[in-house]
Amino acid sequence: MTMAPDVLWYVVQTQVNAEAKAARNLIRQGFEIYLPRYLKRRSHARKIDKVAAPLFPRYMFVQMDIATQRWRSVQSTYGVSNLVQNGSDPAPVAAQVVHALKAREDASGYVTLDERAKFAIGDKVRVLAGVFAENLGLFDGMADRDRIAILLELLGRKVRVSLEADLVAAA
């Protein structure tokens, strides 16, 4: 996709939880938008799943040429709080920022993040869910690509347990 030299990316602040509404209305007005989303880990009722969430809550990118497009209409778009400005003009975002975010998207269009916490051997950790939920232990290394090993105090002795990495957080 080639852009005219004056077509740049700008940041729009949306109303609370209104990113989708703002996106629909900006697209309806002819603007190109980019709302980076990721899969957020959600724990509810002893069940852990992943849901789509904005990478930057209340913010999205809009592409426009401020010389030819009616950019002030963005300010009054349903779902939009304001256009981030530098003085009286919209503040442009370097195109590399948007390209870098898009480059991190997976096949489903979600930005991939390095979710795995970085622990050092001996760091205190807490098990978030499963059979050992709420137990405290010590990080003992990586068991394999997606699992970590922790030492738990069970029955008066330290036992090495291997768990999925996303079930453990720093204590």
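Residues numbered from 1 in each chain as written. Predicted model: local features only at pLDDT ≥ 70, side-chain atom pairs only at ≥ 80, totals over all residues. Heavy atoms only, no water.

**Topic: the pairing of strand β11 (residues 136-142)**
Heads up, the rule is: We treat two strands as partners when DSSP finds at least two bridges between them. Only DSSP runs of H or I reaching four residues or more are called helices, and only runs of E reaching two or more are called strands; each is numbered from the N terminus.
When strand β10 (residues 124-127) meets β11, the two strands line up antiparallel, connected through three bridges. When the bridges of β11 are listed, Arg-126 appears paired with Leu-136.

**Some points on a nonpolar patch on the surface**
Our working rule: Residues enter patches when they are more than 30% accessible in relative terms and free of salt bridges; like-charged ones are connected within 9 Å and nonpolar ones (Val, Leu, Ile, Met, Phe, Trp, Tyr) within 5 Å. The accessible surface values rely on the Shrake-Rupley method and a 1.4 Å probe; as for residues, cover is taken only from the protein chains in view. Counted as salt bridges are all cases of a side-chain nitrogen of Lys or Arg within 4 Å of a carboxyl oxygen of Asp or Glu.
Together, Phe-56, Tyr-59 and Val-84 make up an exposed nonpolar region whose accessible area comes to about 230 Å². Note that Tyr-59 resides in strand β5 (residues 59-64).

**A closer look at the sheet that holds β10**
Note the following rule: Between the N-to-C directions of two axes lies an angle of 0 to 180 degrees, each axis being a line fitted to C-alpha atoms and, for a helix, fitted only over the stretch in contact.
Reading across from one edge, β13-β12-β11-β10-β14 is the order of the five strands in this open sheet, with antiparallel pairing throughout. Whereas interior strands pair on both sides, the edge strands pair on one side only; in this sheet they are β13 (157-164) and β14 (168-170). Between one strand axis and the next, the sheet turns by 45° as a mean value, whatever way the strands run.

**A short note on the pairing of β13**
Pairing between strand β12 (residues 147-154) and β13: eight bridges, direction antiparallel. Bridge pairing in β13 places Leu-152 opposite Val-159.

**Things to note about the nonpolar core**
Basically, it comes down to this: Definition used in this section: a nonpolar core is a set of buried Ala, Val, Leu, Ile, Met, Phe, Trp, Tyr and Cys residues joined via side-chain atoms within 4.5 Å. Exposed residues in this analysis have more than 50% of their type's maximum accessible area, buried residues have under 20%, and partly exposed residues fall in between, with area computed by a 1.4 Å probe over protein chains only. By definition in these notes, contact holds between two residues if any of their heavy atoms fall within 4.5 Å.
Val-12, Leu-26, Met-60, Val-62, Met-64, Val-74 and Leu-83 are the most contacted members of the largest nonpolar core, which has 15 residues in total. For this core, the secondary structure elements donating two or more residues are β1 (8-14), α1 (19-28), β5 and β6 (80-83). Apart from residues lying up to four places away in sequence, Val-12 is in contact with Leu-26, Arg-58, Tyr-59, Met-60, Val-62, Val-74, Val-80, Asn-82 and Leu-83.

**A few points about the pattern of salt bridges**
Counted according to the given criterion, the structure contains three salt bridges. A salt bridge links Glu-153 to Lys-158; its shortest N-O distance comes to 3.6 Å.

**Digging into the side chain of Thr-77**
Put simply, the rule reads: Throughout this description, a polar contact denotes any pair of N or O atoms lying within 3.5 Å of each other; where both atoms belong to protein, one of them has to be capable of donating a hydrogen while the other can accept it, and for residues adjacent in sequence the pair is counted only when both atoms sit in side chains.
By the secondary structure assignment, Thr-77 is in the loop between β5 and β6. The exposure class assigned to Thr-77 is buried, which follows from its relative accessible area of 6%. Among the polar contacts listed, one links the side chain of Thr-77 to the backbone oxygen of Ser-73, at a separation of 2.9 Å. In this structure Thr-77 touches Ala-22, Asn-25, Leu-26 and Gln-29, once residues within four positions along its chain are discounted.

**Describing the environment of Leu-35**
Inspection of the secondary structure assignment puts Leu-35 in the loop between β2 (32-34) and β3 (37-44). As a C-alpha pair, Leu-35 and Ile-121 span 86 residues in sequence and 38 Å in three-dimensional space. Ignoring any residue separated from it by four or fewer positions in sequence, one finds Leu-35 in contact with Glu-19, Pro-54, Tyr-59 and Met-60.

**As for unusual backbone geometry**
Trans is the prevailing form of peptide bonds, just as negative phi is the prevailing case for residues other than glycine. Located in the positive-phi region is Glu-134, a residue other than glycine, with phi close to 70°. Using a relative accessible area of 52% as the deciding quantity, one classes Glu-134 as exposed.

**Considering the environment of Leu-55**
One can find Leu-55 in the loop between β4 (47-54) and β5. Linking Leu-55 and Leu-35, residues 20 residues apart in sequence, is a C-alpha distance of 8.0 Å. Residue contacts for Leu-55: discarding those within four places in its chain leaves Pro-36, Arg-37, Tyr-38, Leu-101, Val-111 and Leu-113.

**Comments concerning the packing of aromatic side chains**
Definition in use: Geometry of aromatic contacts follows a simple scheme: Phe, Tyr and Trp rings, the Trp one being its six-membered ring, pair when their centres are within 6.5 Å, and the pair is stacked under 30 degrees between planes, edge-to-face over 60, tilted otherwise.
Within the structure shown, the criterion is met by three aromatic pairs. Taken together, a centroid distance of 6.2 Å and an interplanar angle of 20° make the contact between Tyr-34 and Phe-61 stacked. Residue Tyr-34 is found in strand β2, and its partner Phe-61 is found in strand β5; the two are separated by 27 residues along the sequence. Of the residues examined, Tyr-34 reaches a relative accessible area of 6% and is grouped as buried. Of the residues examined, Phe-61 reaches a relative accessible area of 6% and is grouped as buried. Look at Phe-119 and Phe-139: their rings are 5.4 Å apart centre to centre, the planes differ by 40°, and that puts the pair in the tilted class. Of this pair, Phe-119 sits in the loop between α2 (95-103) and β10 while Phe-139 sits in strand β11, and the two are 20 residues apart along the sequence.

Any functional reading would require information beyond the geometric quantities listed.
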